[in-house]
Amino acid sequence: MVAALSTDLVVPAARTMSPPADPESKLAASVARRILSDVVDRGWPVGEVLGSQADLIERYGVSRAVFREAVRLVENQQVASMRRGPGGGLVVTEPTVDAIIDAAVLYLHRANTRLSEVFEARIVLEVIAVELATERLTEEDRVELRALNEAEVRDHRALHARLAALTRNPALELFVDILNRVAFLYFRGGAGTLGEGTLSASRDAHTRIIQAVLDNERDTAARRMRRHLAAEAAFLQNRNLSRQFLSRSVALSGGVSNKRAEDVARAILQDVVADDLPPGTLLGSQAALIERYGASRAVFREALRLLEHHQIATMRRGPGGGLFVSAPSVRGVSDVVAVYLARRDISVADLVELRIRVELAQVELAVEQAHDDLGAESELNVALENEDRLTMAEFADGGHDLHAVLAGLAGNRALELVSLVLIRLMRLHQVEQVSDEKRAAAALEVSKAHGAIADAIADGDVELACRRLRRHLEALGSYLR
């Protein structure tokens, strides 16, 4: 069962947003997906020019405005960026782990993810990590764990990161890192402010977890990890640290090399956070902001790329335009993280193993939430009705929407982000070269499974819902292999 951590105020998670309805925005998103597909098909050749703006507009058959929007999307995903001048064009880029982690951490911060959500998600993921690490431990791993246990503790996240790495599952490793960083945002003044008693208790807990892993006691290791994280959450809650504190030194990575641009973007972010500015707030015109922050036009353009990459603010052109505060978008961040993991060549087996475990935890949470949310069953029914109306061409994307709704109904923004990334990765792994007959049969089986899962959730039958969900995802994994 998922551990309950509810001593602070739980704010219901924002429901998953639908893709933009604007035809041009949908077309731009489609072109961005085609660019990503082209990059993957070419073996992700970093530094290669895919083509000039004029060539690519002709290749994809879209207007200049739609192409510019598509370029903005692939730049935010760090798939490619537009280089001006002779020999320029759309250049393949390399997603960096720092930029990906920064994007996820900033999203969870700006979405006001609560302490209870962070630790609820950490317990789910880190119990998975310690179980898999115990099962997959090699002799070399044992030596490293013993050395870690005997070394002077300098970073209290080191054990958590190491156990996640031992799973050899890049998605699990990345999300454990992200949530550890988010949890650290609740420590005002950092770990250096903790007393020796607290640090000693943490070291003892780590030692007991390591010993259970070394002894191949999977269930004991999981129980100790769960108890350790619950104690850490209780400690923070007892200190009344129910909100995050964003350091003024927070990194803003995103593929720009201009240090001054990073400083300007960070200054704008701090103004947005300090004043708690709501989405849609006008920060100023480009000319006014260039003057306010003492930046050149070129520096400001680079800063704008960072702000848009992290969904902090976006520039609107034309009359009444300027830089506006953006709403944090879970779909935007999940796409960025999924593209990074796709670049890491995450296997279908790793993807399915993690997705099953995460969604089983979400089913438990969704059933609990459904008792207090009269609209939950309605949302599931709407998702099923929308699925029934999908054409075969649309089903490849829309056929996952019930899972996205389930992620939202669980009421945990951190787990929702994890789930949407895994869903996006599953889409990237979908089999393209199959017959229409096989695709139609698979779609029919998916629809039946979704209906059965929704029925069990609506009935409050956690065990049945979990059993049906596991069977459905295992079958989907087999189809993709």
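Higher on the page you've got the structure.
Cut-offs applied
- Residues numbered from 1 in each chain as written.
- Predicted model: local features only at pLDDT ≥ 70, side-chain atom pairs only at ≥ 80, totals over all residues.
- Heavy atoms only, no water.
- Helix = DSSP H or I, 4+ residues; strand = E, 2+ residues; numbered from the N terminus.
- Buried < 20%, exposed > 50% of the residue type's maximum accessible area, 1.4 Å probe, protein only.
- Contact = heavy atoms within 4.5 Å.
- Areas by Shrake-Rupley, 256 points an atom, 1.4 Å probe, with all protein chains shown as cover.
- Polar contact = N/O pair within 3.5 Å; in protein donor to acceptor, adjacent residues only side chain to side chain.
- Salt bridge = Lys/Arg side-chain N within 4 Å of Asp/Glu carboxyl O.
- Patch = residues over 30% accessible without salt bridge, like charges linked within 9 Å, V, L, I, M, F, W, Y side chains within 5 Å.
- Lys, Arg positive; Asp, Glu negative; His and termini not counted.
- Charge placed at Lys NZ, Arg CZ, Asp CG, Glu CD.
- Core = buried A, V, L, I, M, F, W, Y, C linked by side-chain atoms within 4.5 Å.
- Pairing = 2+ DSSP bridges.
- Axes fitted to C-alpha atoms, helices over the stretch in contact; angles between N-to-C directions.
- Phe/Tyr/Trp six-rings, centres within 6.5 Å; stacked < 30°, edge-to-face > 60°.
- Lys NZ or Arg CZ within 6 Å of the ring centre and 35° of its normal.
- Parallel < 35°, antiparallel > 145°, perpendicular 65-115°, else oblique.
- Left-handed = near helix turned anticlockwise from the far one by under 90°.

Summing up its helical and strand segments, the protein chain has 21 helices and six strands in all. In the protein chain, which comprises 481 residues, the share counted as buried stands at 51%. The long-range share in the protein chain, meaning contacts at least 24 apart out of those at least 6 apart in sequence, stands at 76%. Accessible surface, the protein chain as shown: approximately 21800 Å² in total, 50% of it carbon and sulfur.

Here we take up the side chain of Asp141. Tracing the backbone shows Asp141 in helix α6 (residues 139-150). Engagement of the side chain of Asp141 in a polar contact is seen with the side chain of Arg168, the distance being 2.9 Å.

This next bit is on the pattern of salt bridges. The full count for this structure, using the stated rule, is 21 salt bridges. Note that Glu131 is salt-bridged to Arg357, the shortest N-O span being 2.9 Å. In this pair, Glu131 sits in helix α5 (residues 115-136) while Arg357 sits in helix α15 (residues 348-370), placing the two residues 226 residues apart along the sequence. Exposure remark for Arg357: the relative accessible area of 24% places this residue in the partly exposed category.

Moving on to a negative patch on the surface. Together, Glu377, Asp455, Asp459 and Asp461 make up a negatively charged patch on the protein surface. Positionally, Asp461 belongs in the loop between α20 (436-458) and α21 (462-480).

To continue, consider the nonpolar core. In terms of nonpolar packing, the biggest core is built from 81 residues, with Leu125, Ile178, Leu341 and Leu417 touching the most fellow members. Top element by residues in this core is α15. It accounts for 12 residues. Setting aside residues no more than four positions away along its own chain, Leu125 makes contact with Leu172, Phe175, Val176, Leu179, Leu354, Val358 and Val418.

Our next topic: the environment of Met82. Following the sequence through the fold, Met82 ends up in strand β2 (residues 80-83). Sequence separation between Met82 and Arg72 is 10 residues, and the spatial gap between their C-alpha atoms is 9.0 Å. With sequence-adjacent residues up to four places away left out, Met82 is seen in contact with Gln53, Phe67, Val71, Glu75, Gly89 and Leu90.

Within helix α18 (residues 401-409), eight of the nine residues are buried, which leaves the element mostly enclosed by the surrounding structure. Of the residues making up α18, those classed as buried are Leu402, His403, Ala404, Val405, Leu406, Ala407, Gly408 and Leu409. Buried residues along α18 sit in contact with α14 (330-343), α15, α16 (376-388), α19 (413-428), α20 and α21. Phi turns positive, to about 75°, at Gly411, one or two residues after α18.

Here the focus is the sheet that holds strand β4 (residues 282-284). Strand order in this open sheet of three strands is β4-β6-β5, and the pairing throughout is antiparallel. Whereas interior strands pair on both sides, the edge strands pair on one side only; in this sheet they are β4 and β5 (313-316). For this sheet the average axis-to-axis angle between neighbouring strands, irrespective of direction, equals 35°. The strands touched by helix α13 (residues 297-309) are β5 and β6 (322-325); relative to β5, the strand with the most contacts, the crossing angle is about 125°.

For the rest of this paragraph, the subject is the packing of aromatic side chains. Under the defined criterion, the tally for this structure stands at zero aromatic pairs. Of note, Arg157 hangs over the ring of Phe184, and the distance from its end group to the ring centre comes to 5.6 Å. The ring of Phe324 has Arg316 sitting right over it, with the charged end atom 3.9 Å from the ring centre.

For the pair α20 and α21, the least separation of the axes is 8 Å and the interaxial angle reads 165°. The angle between α20 and α21 places the two elements in the roughly antiparallel class. Regarding α20 and α21, the two cross each other, and that crossing is left-handed. Residue-level inspection shows Arg439, Ala442, Val446, Ala449, His450, Ala452, Ile453, Asp455, Ala456 and Ile457 of α20 in contact with α21, the latter providing Leu464, Ala465, Arg468, Leu469, His472 and Tyr479.

Before going further, it helps to spend a moment on unusual backbone geometry. Apart from glycine, the bulk of residues carry a negative phi angle, and the bulk of peptide bonds sit in the trans form. Phi angles above zero are rare outside glycine, and Trp44 is one such case at about 50°. Relative to the elements of secondary structure, Trp44 occurs in the loop between α1 (23-41) and β1 (49-51). Accessibility expressed as a relative area gives 6% for Trp44, which makes it buried. Positioned with a positive phi, Asn112 is a non-glycine residue whose angle comes to about 55°. As for its position among the elements, Asn112 is in the loop between α4 (97-110) and α5.

The next subject is the sheet that holds β1. Either a parallel or an antiparallel arrangement is found when strands of a sheet pair, and the pairing is made through backbone hydrogen bonds. Taken in spatial order, the three strands of this open sheet run β1-β3-β2, and their pairing is antiparallel. Strands at the two margins of the open sheet, each flanked by one partner only, are β1 and β2. On average, each strand axis in the sheet is tilted by 35° relative to the strand beside it, whichever way the strands run. Summarising the sheet, β2 and strand β3 (residues 89-92) pair through four bridges and their orientation is antiparallel. What sits directly across from Ala80, in β3, is Val92.

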